[in-house]
Amino acid sequence: MAHTAHKNPKKEIFEAPEVMDRKAKVLADLIRKSKHFVVFTGAGVSTSAGIPDFRGPEGVWTLTAQGRQATKKSVDVLQAIPTKTHMALVELQDRGILKGLISQNCDGLHRRSGIRADMISELHGNTNIEYCKKCGKEFLRDFYAVAPDNRPLHNHRTGRKCPICITQPLHDTIIHFSEDLPLPPWTRAEAHCEKADLCLVLGSSLTVTPANELPQLVGERALAQKKKQSMQDPDAHLVICNLQDTDLDYLCLLPDHRIYARTDDLMERVMHYLSLPIPDFCVRRRLIVETDIDTNPAGGRHVVTVKGVDEDNSTPASFLRTVKLVTAGGRLRIVKTEPFVLGWRGKIGELEEEEEEEALQSGALTEPEEDKSGIKSETLTLLLEFMGNYGEPSCELKHLVRTSIPESGAETPQPRQVTHNLYELVYNPGNGQWVSIFMHSRMQN
């Protein structure tokens, strides 16, 4: 906290562009040769998103130690756009170059940028994640999933219940000073650092323990190898990019391995030398649309359930505020709380020719068999309203229901037909547009 910062903070150093460029090229070469590349991030990777750091000249703890108020208006963390550094790391992950990401940040930007849950070790928690101690499931939210301020500091209950265990309380993942780090992310991070032949520190003063011991593992191994091998290059390297000096700078064995630059400036040049793009940030949501259809020829009651899921396509994720259903007949249904379950009555009608063509082109429908006997179709319009942290407009999702209806007069009771459909919704803040991608469908036995 404030006692970990100085009233007179360390000076920020900005190296000349040509020096930074030379060091970026050296780093790109190290990344290219690396077999187990690990990145360790601190608050400095998020400052260009409008989130202040802690120990810089205008850092949160520095201002507290000096008794000053912030002069710059910070961005609401929920509305912060992942930076070029965040997005460069996503590209390196997706290419299989980045093997592990360790972060001290709680702002959730790494996960929102597209870093997978199995890739990252969030040592100090994530303000958008709460978890159940009984089943161990983590739930990603589009709101602050933290314990209320009126609770004691070490009481992490958020006030919500686990949607899987039903009665079990959910807890936030934030680690306060004096609390132990959770074992799973620490163990995963330590394993990565033990394997790492290259560890890149981005935007961290490396002040907080025990987190700073992780890059230190790589640096000390590199130092020991250099002493043992004399003039030969060690098998491991520690590279630090931070505007202020750190206590681990001595473990950067070459001058080009210690970089004084903003992380965005460095990563732009590194990706240039790797001939890799930095992707634009897009909001990505996964959605399951489950339909439960009454196959009685005379019609019946049908149900559609809409639920957000995490990247594993099963764990519930909260990002929807409201779901509206408009049936083919134009009737409107609306649900404003989870679970989003909506019902309607009637017969499943024949899909009009132009609607079928549209569904075929979008990929939501495969080419039908020539014999369509007994196949009935109907298009449901789902109007999805989101939490709106990025100003996302509502999304209109056209969902095609296709079911086999027996001929009228069938005497035996007909089973209900339940189908699970997975969509990915992609929102580009740059153009304000949603794109829906049909991923797959499966029928419940």
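Structure: see above.
Residues numbered from 1 in each chain as written. Predicted model: local features only at pLDDT ≥ 70, side-chain atom pairs only at ≥ 80, totals over all residues. Heavy atoms only, no water.

Student: Help me out: how do you make sense of the overall build of the protein chain in this one?
Tutor: Summing up its helical and strand segments, the protein chain has 8 helices and 19 strands in all. The buried share among the 445 residues of the protein chain stands at 48%. Considering only contacts in the protein chain between residues 6 or more positions apart, those separated by 24 or more positions represent 64%. (Helix = DSSP H or I, 4+ residues; strand = E, 2+ residues; numbered from the N terminus. Buried < 20%, exposed > 50% of the residue type's maximum accessible area, 1.4 Å probe, protein only. Contact = heavy atoms within 4.5 Å.)

Student: Got a minute to help me understand the sheet that holds strand E18 (residues 417-428) in this structure?
Tutor: For sheets, the rule is that strands pair by backbone hydrogen bonds, running either parallel or antiparallel. Pairing in this open sheet of 5 strands is antiparallel, and the strands run E15-E12-E11-E18-E19 from one edge to the other. Of all strands in the sheet, those with a lone pairing partner are strand E15 (340-346) and strand E19 (433-443), marking the two edges. Averaged over neighbouring strand pairs, the angle between their axes works out to 20° when direction is ignored. Bridging between strand E12 (residues 300-309) and E15 involves 7 bridges; their strand directions are antiparallel. Considered in E15, the bridge of Gly300 is made with Gly346. (Pairing = 2+ DSSP bridges. Axes fitted to C-alpha atoms, helices over the stretch in contact; angles between N-to-C directions.)

Student: What am I meant to see in the packing of aromatic side chains here?
Tutor: A ring pair, where both rings are aromatic, is described by two values, the distance of the centres and the angle of the planes. On inspection of all chains with the given rule, the structure shows 5 aromatic pairs. A cation over a ring is seen here: Arg258 above Tyr260, with NZ or CZ 4.0 Å from the ring centre. (Phe/Tyr/Trp six-rings, centres within 6.5 Å; stacked < 30°, edge-to-face > 60°. Lys NZ or Arg CZ within 6 Å of the ring centre and 35° of its normal.)

Student: I tried to follow the nonpolar core on my own but got confused; where do I start?
Tutor: In summary, soluble globular proteins display a tendency toward joint burial of nonpolar side chains. Formed by 66 residues in total, the largest nonpolar core has its most connected members in Leu287 and Leu384. Discounting residues that sit within four places of it in the chain, Leu287 has contacts with Val306, Lys307, Gly308, Val309, Phe319, Leu320, Leu384, Leu397, Asn421, Leu422, Tyr423 and Leu425. One finds Val38, Trp186, Ala211 and Cys252 within the second-largest nonpolar core, a separate group that totals 24 residues. (Core = buried A, V, L, I, M, F, W, Y, C linked by side-chain atoms within 4.5 Å.)

Student: What exactly am I supposed to notice about the environment of Phe386 here?
Tutor: In this fold, Phe386 is placed in strand E16 (residues 375-386). Placed 66 residues apart in sequence, Phe386 and Leu320 show a C-alpha to C-alpha distance of 4.4 Å. Apart from residues lying up to four places away in sequence, Phe386 is in contact with Arg285, Phe319, Leu320, Arg321, Glu392, Pro393, Cys395, Leu425 and Trp434.

Student: Sorry if this is basic, but what is going on with a nonpolar patch on the surface here?
Tutor: A contiguous nonpolar patch, built from Val435, Ile437 and Met439 and spanning about 230 Å² of accessible area, is present on the exposed surface. Overall, the relative accessible area of 36% leaves Ile437 in the partly exposed class. (Patch = residues over 30% accessible without salt bridge, like charges linked within 9 Å, V, L, I, M, F, W, Y side chains within 5 Å. Areas by Shrake-Rupley, 256 points an atom, 1.4 Å probe, with all protein chains shown as cover. Salt bridge = Lys/Arg side-chain N within 4 Å of Asp/Glu carboxyl O.)

Student: When you look at helix H6 (residues 213-229) in this model, what are you seeing that I'm missing?
Tutor: Because an α-helix completes one turn every 3.6 residues, residues spaced three or four positions apart along the sequence face the same direction. Across its 17 residues, H6 extends 24 Å between first and last C-alpha, which sits within 8% of the 24 Å expected from 1.5 Å per residue. Every buried residue of H6 is accounted for by Leu214, Pro215, Val218, Gly219, Ala222 and Gln225. Along the axis of H6, the buried residues cluster in a sector spanning 145°; they form a single face. Summarising the geometry of H6, the exposed residues directed more than 90 degrees from the buried face are Lys227 and Lys228. Lining the buried residues of H6 we find strand E1 (37-41), strand E2 (98-103), helix H5 (183-195), strand E8 (198-202) and strand E9 (237-241). (Expected span 1.5 Å × (residues − 1). Arc of directions from axis to C-beta.)

Student: Please explain empty space enclosed by the protein as it appears in this structure.
Tutor: Here the structure, examined in full by the defined rule, presents 1 cavity of 30 Å³ or more. Taken together, Leu78, Arg112, Asn128, Arg141, Asp142, Asn389 and Tyr390 make up the lining of the largest cavity. Taken together, the residues that form the lining of the largest cavity break down as 2 nonpolar, 2 polar and 3 charged. (1 Å grid on protein atoms, 1.4 Å probe; cavity = no way out; pocket = protein on both sides within 12 Å on 5 of 7 lines; lining within 4 Å. Points joined across faces, edges and corners; volume = space filled by probe spheres on them. Nonpolar A, V, L, I, M, F, W, Y, C, P; charged D, E, K, R; others polar.)

Student: Just checking my understanding: could you explain the sheet that holds strand E17 (residues 395-404) for this structure?
Tutor: If you walk across this open sheet you meet the 4 strands as E14-E13-E16-E17, and the pairing is antiparallel. The open sheet is flanked by strand E14 (332-335) and E17, the only strands paired with a single partner. Between one strand axis and the next, the sheet turns through 25° on average, direction left out of account. With 4 bridges joining them, strand E13 (residues 320-326) and E14 adopt antiparallel strand pairing. Opposite Val326, over in E14, you have Leu332 as the bridge partner.

Student: I would appreciate a short explanation of the environment of Asp94 in the present structure.
Tutor: Mapping Asp94 onto the fold places it in helix H3 (residues 84-94). On the accessibility criterion, Asp94 (53% relative accessible area) is exposed. Counting along the chain gives 22 residues from Asp94 to Arg116, while the straight-line C-alpha distance between them is 9.5 Å.

Student: Looking at this model, I keep getting lost on the pairing of strand E11 (residues 283-293). Mind explaining?
Tutor: Remark: a regular strand shows side chains that alternate across the two faces of the sheet. By the criterion of burial, E11 is predominantly enclosed, with 8 of the 11 residues buried. Two strands pair when backbone bridges link them, and E11 and E18 are joined in this way by 11 bridges, in the antiparallel orientation. When the sheet's bridge partners are listed, Ile293 is paired in E18 with Gln417. In this sheet, E12 lies alongside E11 in antiparallel orientation, the contact comprising 7 bridges. Looking across to E12, one finds that Val289 is bridged to Val306. The turn joining E11 and E12, which pair antiparallel and follow one another in sequence, is formed by 6 residues; a positive phi near 100° is taken by Gly299.

Student: What's the story with the packing of H5 against H6 in this structure? I'm lost.
Tutor: The description of two helices packed together rests on the angle between their axes and the distance between the axes. Between H5 and H6, the least distance of the axes is 9 Å, while the angle of their chain directions is 15°. By the criterion of interaxial angle, the relationship of H5 to H6 is roughly parallel. Regarding H5 and H6, the two cross each other, and that crossing is right-handed. The segment H5 lies against H6, with Trp186, Ala189, Glu190, Cys193, Glu194 and Lys195 engaging Glu213, Leu214, Leu217, Val218 and Arg221. Its residues assigned to classes, the contact of H5 with H6 comprises 6 nonpolar, no polar and 5 charged. (Parallel < 35°, antiparallel > 145°, perpendicular 65-115°, else oblique. Left-handed = near helix turned anticlockwise from the far one by under 90°.)

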